[in-house]
Amino acid sequence: MIPRLRGFLLAQWTTIVPVLAVVLLVLTWGRSLPGGGVALLTLVLAGSVLAAVHHAEVVAHRVGEPFGSLILAVAVTVIEVALIVTLMIDGGDKSATLARDTVFAAVMITCNGIVGLSLLVGSLRHKVAIFNPEGSGAALATVATLATLCLVLPTFTTSKPGPEYSSAQLIFAALASLVLYGLFVTTQTVRHRSYFLPLTRQGEVISAPEHIEMPTNRAALTSLALLGLALVGVVGLAKGVSPTIETAIDSAGLPHAVVGVLIALLILLPETIAAVRAARRDRVQISLNLGLGSAMASIGLTIPTVAIASIWLPGPLVLGLGATHMVLLALTIGVGILTVVPGRATPLQGGVHLVLLAAYLELAINP
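Residues numbered from 1 in each chain as written. Predicted model: local features only at pLDDT ≥ 70, side-chain atom pairs only at ≥ 80, totals over all residues. Heavy atoms only, no water.

(A) Representation of the packing of helix H9 (residues 269-280) against helix H10 (residues 284-309). In contact at an axis separation of 7 Å, H9 and H10 are set at 160 degrees when each is read in the N-to-C sense. Overall, the two elements H9 and H10 adopt an arrangement that is roughly antiparallel. When you trace H9 past H10, the crossing you get is left-handed. In contact with Glu271, Ala274, Ala275, Ala278 and Ala279 of H9, H10 contributes Val284, Ile286, Ser287, Leu290 and Ser294. (Axes fitted to C-alpha atoms, helices over the stretch in contact; angles between N-to-C directions. Helix = DSSP H or I, 4+ residues; strand = E, 2+ residues; numbered from the N terminus. Parallel < 35°, antiparallel > 145°, perpendicular 65-115°, else oblique. Left-handed = near helix turned anticlockwise from the far one by under 90°. Contact = heavy atoms within 4.5 Å.)

See the structure below:
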């Protein structure tokens, strides 16, 4: 009996864990938890992340690329936005920079962490990582424009004191973000879809799906529903353990911006795992779609939502980056351009991006 039960749990864990995460979320929402409760939430949280990756890959295989990468990026970002707004409502003035810190952390983690790790894994396993420079270059250009509009320019505007946008400027930045993101999605999925498909070693577009048994429509819809549950569980449980994390950060004397870094690391873990798996299969373009698409979605969806939420949020909304982070952003964009233009990368390019991420994390801890 016990071996059968163990076998059933191992076979169905990707279904059980998301449901368990939502049940725990309902039971623990708004309650103070002891150390054992926090440990349990953390364990289920990790399982939910892995389950989300599994279901995202099922959906991605059914709908094909680049739609699969887009679904995961948008789903994760929508939940990320919900978490940011929730924490800002609870945090008051202390969370005035939370949106900026989390979005910038997402940009650095995706453009340097996910991209760098994917290039490193892909090039080490297949000697050279191959991808489409037209699609990747378009994505990087959009990320650079969005990041500059939403995170750099507020530092230099004079209509309002501090690194903040005035109401009119914030509305413009929000609308511009939505327009650019909409244009990119149209380019990626309709007009120039081939630019975002993986390439063969000879540089030919791979339009046919990989030789894996295609999931049925029912299986794909089930995975889509479980993906939503898993992501809700990830964010909800993350909010449940966030007070413990914030207390630990304050006790250690670390800057409050580290909270945003940890949120971004946690939320982007499913995409990181999915991107590395794609790179191992020599589908580096899928990895870049996930990395750069997530950075774009993080800015393009978060800033408009936070702009609307700022109407009733109690504190100020600080978006402008400091000098150190602007230098890191400029260096990331410059290195990214040199990486995507050739359409192929060696372990060196992957290492450069990972060093930039390490520099960002070090300066976040020791500013």
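Now that the structure has been shown, the text picks up again.
(B) Expanded view of the packing of aromatic side chains. Summed over the entire model, instances satisfying the criterion amount to 2 aromatic pairs. Where phenylalanine 104 meets tyrosine 360, the ring centres are 5.5 Å apart and the plane angle is 80 degrees; that geometry is what we call edge-to-face. With phenylalanine 104 in helix H4 (residues 98-126) and tyrosine 360 in helix H12 (residues 347-365), this residue pair connects regions lying 256 residues apart in the sequence. With a centroid separation of 5.4 Å and 85 degrees between ring planes, the pair formed by phenylalanine 184 and phenylalanine 196 is classed as edge-to-face. Taken together, the residues span a long stretch of sequence, with phenylalanine 184 in helix H6 (residues 167-191) and phenylalanine 196 in the loop between H6 and helix H7 (217-251) at a distance of 12 residues. Taken as a pair, phenylalanine 184 and phenylalanine 196 share a single burial class, namely buried. (Phe/Tyr/Trp six-rings, centres within 6.5 Å; stacked < 30°, edge-to-face > 60°. Buried < 20%, exposed > 50% of the residue type's maximum accessible area, 1.4 Å probe, protein only.)

(C) The arrangement of the pattern of salt bridges in detail. If you walk through the whole model with that rule in mind, you get 2 salt bridges. One salt bridge in this structure joins lysine 160 and glutamate 164, with 3.5 Å as the shortest N-O distance. (Salt bridge = Lys/Arg side-chain N within 4 Å of Asp/Glu carboxyl O.)

(D) Focus on a nonpolar patch on the surface. On the surface, Val19, Val23, Leu27 and Leu229 cluster together to form a nonpolar patch covering roughly 300 Å² of accessible area. Per element, the largest residue contribution to the nonpolar patch is 3 residues, and it comes from helix H1 (residues 2-28). (Patch = residues over 30% accessible without salt bridge, like charges linked within 9 Å, V, L, I, M, F, W, Y side chains within 5 Å. Areas by Shrake-Rupley, 256 points an atom, 1.4 Å probe, with all protein chains shown as cover.)

(E) Up close: unusual backbone geometry. The backbone of lysine 127 sits at a positive phi, close to 75 degrees, despite the residue not being glycine. Taking relative accessible area as the criterion, lysine 127 reaches 72% and is therefore assigned exposed.

(F) Representation of the environment of glycine 334 in the model. By secondary structure assignment, the location of glycine 334 is in helix H11 (residues 323-340). Judged by its relative accessible area of 30%, glycine 334 falls in the partly exposed class. Sequence spacing of glycine 334 and alanine 144 is 190 residues, and the spatial spacing of their C-alpha atoms is 9.7 Å.

(G) Molecular detail of the packing of helix H5 (residues 133-152) against H10. Viewed as axis vectors pointing N to C, H5 and H10 meet at an angle of 25 degrees, and their least axial separation amounts to 9 Å. It follows from the interaxial angle that H5 and H10 lie roughly parallel. Crossing handedness for the pair H5 and H10: left-handed. Across from Ser136, Ala139, Leu140, Thr142, Val143, Leu146, Ala147 and Cys150 in H5, the residues of H10 making contact are Gln285, Leu288, Leu292, Ala295, Met296, Ile299, Gly300 and Ile303.

(H) Local environment of empty space enclosed by the protein. Counted according to the given criterion, the structure contains 6 cavities of 30 Å³ or more. By volume, the largest cavity amounts to about 80 Å³. What lines the largest cavity is Cys111, Val115, Leu140, Leu288, Leu292, Thr332, Gly336, Thr339, Val340 and His353. Elements with a contribution of two residues or more to the lining of the largest cavity: H4, H10 and H11. Top element by residues in the lining of the largest cavity is H11. It accounts for 4 residues. In the lining of the largest cavity, the residues fall into 6 nonpolar, 4 polar and no charged. (1 Å grid on protein atoms, 1.4 Å probe; cavity = no way out; pocket = protein on both sides within 12 Å on 5 of 7 lines; lining within 4 Å. Points joined across faces, edges and corners; volume = space filled by probe spheres on them. Nonpolar A, V, L, I, M, F, W, Y, C, P; charged D, E, K, R; others polar.)

(I) Main features of the environment of glycine 113. Topologically, glycine 113 is positioned in helix H4. Setting aside residues up to four positions removed in sequence, glycine 113 forms contacts with Met108, Leu354 and Leu357.

In short, geometric facts, not functional conclusions.
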